[in-house]
Amino acid sequence: MKTLEEMDLKGKRVLLRVDLNCPIEGGVVADDTRIRAVLPSINYCLEQGARLILCSHLGRPKGERRPEFSLAPVAKRLSEILKKDVALADDCIGQTAEEAVTKLGEGDCLLLENVRFHPGETKNDPELAKALARLCDVFVNDAFAACHRAHASVVGVPEYVAECGAGFLLKKELDYFKKAMGDPVRPLVAIMGGAKVSSKLGAITNILNKVDKLIIGGAMANTFLKAKGINVGDSLVEDELLDEAKGILQLAKEKGVPLYLPVDAVCAESMEAQDTFIRPYGEIPKGLKAFDIGPASVTLFREVLQDARTVVWNGPLGAFEKRQFSRGTFAISSTLASLHALTIVGGGDTDRAVHEAGDASQMSYMSTGGGAFLHLLEGKELPGVVALEKCGG
Ligand code: ADP
Ligand code: MG
């Protein structure tokens, strides 16, 4: 796979697939993190004298042209950041787009309207891919967060463009992941959390082949604890996954990977309840549910993490959106922030939690793609990356 620096971009029409799916409030970009994440690639292309065409999706317009999903606010914000005019082509393909591209001079930048206004995007329609490919000489993918999706602008376009490459953000994401999971400095400890075992089964199974220790928290820990025959009171349990959970506990044993589960919990009658009770697992009474790991679990997990040289974290350890259930997640966030280790954090909610805890800048790397990051944890190749590798140029 080529990287941007290995490509000759001067005077070329460069189609850069980015993830500019920013939150929009009242017609303006409410958070420009995603724009800033791809600035290194954008600036590099412009400095090299490319005629830059940006392509992105925004929200889920379901294949219809719906004005509330227009990228117009993003074009405006991008113009402000770049301190130069970024025009918005009213359609990402066809005459409108082609004319806008013709007007681009070297070092100019154009944003195409939401690619998901076309139903062919999510269906990976070759006609849409070809129409996008016609706009450019070179295709560069920097949309890590979209790389797990077999969409036309991600996997289709590279089939029809002679030269393709990876942008700086995509490269950075893959490099950090490889550093953590490919050939890590050991001990490598993974922390898995979140609401459901079902969404993380593949990832947990795969990482058991790589890690030295595994910590499991969050609501899904209840399923594992119940699978071990430990009383979890009325906590959320995925009963249909008890066998899978037992299988994972067995697999960890076979691999000799210590698997740590919480030993206590912050419990309440419901997530809305203000009255909370700290109870050891095994002694959670009927009527109470576990919504966060308790203080003894925090101490245990901290100890487990103490000698780690590499840590990968996906999934909050409690219902951190509620203040009364946020302490476990925030405590582990602050532990990671203080470690002398390579710390990689991924997952949409985990990202939010670490930002709320104020620790984001202390992590070695915060992944920008929740779904794509989980896909990598599952040991799968990213379709968007495979498409780049297959491209001839
Ligand atoms: P990510 O997006 O980082 O991959 P997930 O989507 O898998 O994380 O899980 C995040 C959700 O899990 C959060 O909304 C959080 O409230 C919820 N959660 C974690 N632990 C618990 C718990 N003990 N009870 C209820 N919800 C929980
Ligand atoms: Mg999530």
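The model shown is predicted, which means the values in this text are computed figures rather than measured ones.

Engineer: Would you mind going over the overall build of the protein chain in detail, with residue names and values included?
Structural biologist: A count of helices and strands for the protein chain gives 15 helices and 17 strands. A globule of 393 residues ought to have a C-alpha radius of gyration of about 21 Å, and the protein chain, at 23 Å, matches this closely. Dimensions of the protein chain, computed from C-alpha atoms along their principal axes, come out at roughly 70 × 45 × 35 Å. Within the protein chain, buried positions represent 56% of all 393 residues. By element, 49% of the accessible surface of the protein chain is carried by carbon and sulfur atoms, the whole surface being about 16,700 Å².

Engineer: So what about the state of the cysteines? Which residues, and what values?
Structural biologist: Across all of its chains, the model carries zero disulfides by this definition. Residue Cys109 stays outside any disulfide, its sulfur separated by 9.0 Å from that of Cys45, the closest cysteine.

Engineer: Kindly report on the nonpolar core, identifying the contributing residues and their values.
Structural biologist: Generally speaking, a soluble globular protein has its nonpolar side chains buried in company with each other. The biggest cluster of nonpolar side chains holds 114 residues, and the ones touching the most others in it are Leu112, Leu132, Leu214 and Leu377. Looking at this core, the element that brings in the most residues is helix 7 (residues 168–182), giving six residues. In terms of domain composition, this core takes at least three residues from each of domain 1 (4–169 + 382–390) and domain 2 (186–340). Residues contacting Leu377, with those up to four places away along its chain left out, are Phe177, Met181, Met192, Ala203, Asn206, Ile207, Val312 and Asn314.

Engineer: Now, about the domain arrangement of the protein chain: what can you tell me, with residues and values included?
Structural biologist: Partitioning the protein chain into domains gives domain 1 (4–169 + 382–390) and domain 2 (186–340). Taking only C-alpha atoms into account, the centre of domain 1 sits 39 Å from that of domain 2.

Engineer: Provide a residue-level description of the sheet that holds strand 11 (residues 259–260), including the pertinent values.
Structural biologist: Across the sheet, six strands lie side by side as 11-10-9-15-16-17; this open sheet has parallel pairing. Among the strands making up the open sheet, the edge pair consists of strand 11 and strand 17 (365–366). As defined by bridge partners, strand 16 (residues 342–346) adjoins strand 17 across two bridges and the pair is classed as parallel. Its bridge partner lying in strand 17, Ile344 is registered against Tyr365. Running over the sheet, helix 12 (residues 327–338) touches strand 9 (188–192), strand 15 (310–314) and strand 16 and is turned about 155° from strand 15.

Engineer: Please give an account of helix 10 (residues 242–255) that cites residues and values.
Structural biologist: Here helix 10 is 14 residues long and its end C-alpha atoms lie 20 Å apart, about the 20 Å a rise of 1.5 Å per residue gives. Of all the positions in helix 10, only Leu242, Ala245, Ile248, Leu249 and Ala252 are classed as buried. Buried residues of helix 10, seen end-on, are gathered within an arc of 120° and therefore sit on one face of the element. Of the exposed residues in helix 10, those oriented more than 90 degrees away from the buried face are Asp243 and Glu254. Along its buried surface, helix 10 packs onto helix 8 (201–207), helix 9 (220–227) and strand 11.

Rules and cut-offs
- Residues numbered from 1 in each chain as written.
- Chains lettered and ligands numbered in written order.
- Predicted model: local features only at pLDDT ≥ 70, side-chain atom pairs only at ≥ 80, totals over all residues.
- Heavy atoms only, no water.
- Helix = DSSP H or I, 4+ residues; strand = E, 2+ residues; numbered from the N terminus.
- Rg over C-alpha atoms; globule rule 2.2 N^0.38 Å.
- Buried < 20%, exposed > 50% of the residue type's maximum accessible area, 1.4 Å probe, protein only.
- Areas by Shrake-Rupley, 256 points an atom, 1.4 Å probe, with all protein chains shown as cover.
- Disulfide = S-S within 2.5 Å.
- Core = buried A, V, L, I, M, F, W, Y, C linked by side-chain atoms within 4.5 Å.
- Domains from an automatic or database assignment.
- Contact = heavy atoms within 4.5 Å.
- Pairing = 2+ DSSP bridges.
- Axes fitted to C-alpha atoms, helices over the stretch in contact; angles between N-to-C directions.
- Expected span 1.5 Å × (residues − 1).
- Arc of directions from axis to C-beta.

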